[in-house]
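Structural description and commentary
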Amino acid sequence: MSKTIELNNGLLIPRVGYGTFRVPEGADLAAAVKTAIKEGYRLIDTAAIYENEASVGQGIREAIAEGLVTREELFITSKAWNDGISYEETLQAYDDALARMELDYLDLYLLHWPGTKNDFIPQWEALEKIYADKRVKSIGVSNFHVHHLEKLLKETTIVPAVNQIELNPLQTQKQVHAFCIEKGIQIEAWSPLMNAEILEHATLKTIASKYGKTTAQIILRWQTQTDIVTIPKSLTSSRIAENIAIFDFDLDGEDILLIEALNEDGHYGPDPEGFDFGR
């Protein structure tokens, strides 16, 4: 299996990335980003609201300076915290992200939430402008349900390359996933390990024992094997290495069905239908 997936604009996105949600700004994060790159990660994910773009950028720049990777080999993602901001403010948000990270461009820029007012069209049109000007490699959304995507596709021009959503064995989001497949939108999973809360699940531990892998590796392999991009997070070097060491085995079809049968349609994180930027 290839370690990348082709997006709807022809760009290749790695199947496994390094997530940085809830990791504070500082030297530890910069070092962890560099460790992730050493271990083979090429997708690095951050967001304005994480307040850690500067440290993520520092880790990236140090890795490049040390010859671990070139900028062209990396796939860097950030997200606009699009809480009521205007078209012009969204354009500025992208410039601000680049300035904080000290980078010339991003590979993917996302609208972070649809919001309960569904007033995200001006922000998306700003992303379309950035993309048309070739200042970003691809654009997408995060936490969008089917009706949000339907509105976006009806009222704007560019189909999102990615929809980054909460996705794990207890929250498989099959309806959103099926719609995105139909429309050519790549699904990307945030919090795939539920902040480690799912790692002691009995069914997953049994499957892990069968393959001689960790529970985390089973979950991440299930996602990558079913063409879901995934962005696990850890600051522990051994786990950073473990989470990307998942391409030397395949789950059989029966075990994939066992994992997907665990779905409860619940939310570990906020539900997009009721989440309005923390207000």
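To keep things clear, this report deals only with the structure shown in the data block. (Residues numbered from 1 in each chain as written. Predicted model: local features only at pLDDT ≥ 70, side-chain atom pairs only at ≥ 80, totals over all residues. Heavy atoms only, no water.)

**Notes on the packing of aromatic side chains**
Rules: Stacked, tilted and edge-to-face are the three classes applied to pairs of Phe, Tyr and Trp rings, where Trp contributes its six-membered ring and a pair requires centres within 6.5 Å; stacked means planes under 30 degrees apart, edge-to-face means over 60, and tilted covers the rest. The secondary structure listing takes helices from DSSP runs of H or I that are at least 4 residues long and strands from runs of E that are at least 2 residues long, numbered from the N terminus. A ring is considered to have a charge above it if a Lys NZ or an Arg CZ atom is located within 6 Å of its centre and within 35 degrees of its normal.
Using the criterion set out here, one finds eight aromatic pairs in the structure. Judged by centre distance (5.9 Å) and plane angle (75°), the rings of tyrosine 18 and tyrosine 41 are edge-to-face. With tyrosine 18 in strand E3 (residues 17–19) and tyrosine 41 in the loop between helix H1 (27–38) and strand E4 (43–45), this residue pair connects regions lying 23 residues apart in the sequence. Among the aromatic residues, ring-to-ring pairing joins Trp81, Trp113, Phe275 and Phe277 into one connected group. One Lys or Arg, lysine 137, reaches over the ring of tyrosine 105 and ends 5.3 Å from the middle of that ring.

**Brief notes about the sheet that holds strand E5 (residues 75–80)**
Selection rule: Strands are treated as partners if at least two bridges between them are detected by DSSP.
If you walk across this open sheet you meet the eight strands as E3-E4-E5-E6-E7-E8-E9-E10, and the pairing is parallel. Of all strands in the sheet, those bounded by a partner on one side alone are E3 and strand E10 (229–230). One ladder, built from two bridges, connects strand E9 (residues 186–190) with E10; its direction is parallel. The residue bridging alanine 189 from the neighbouring strand is threonine 230, located in E10.

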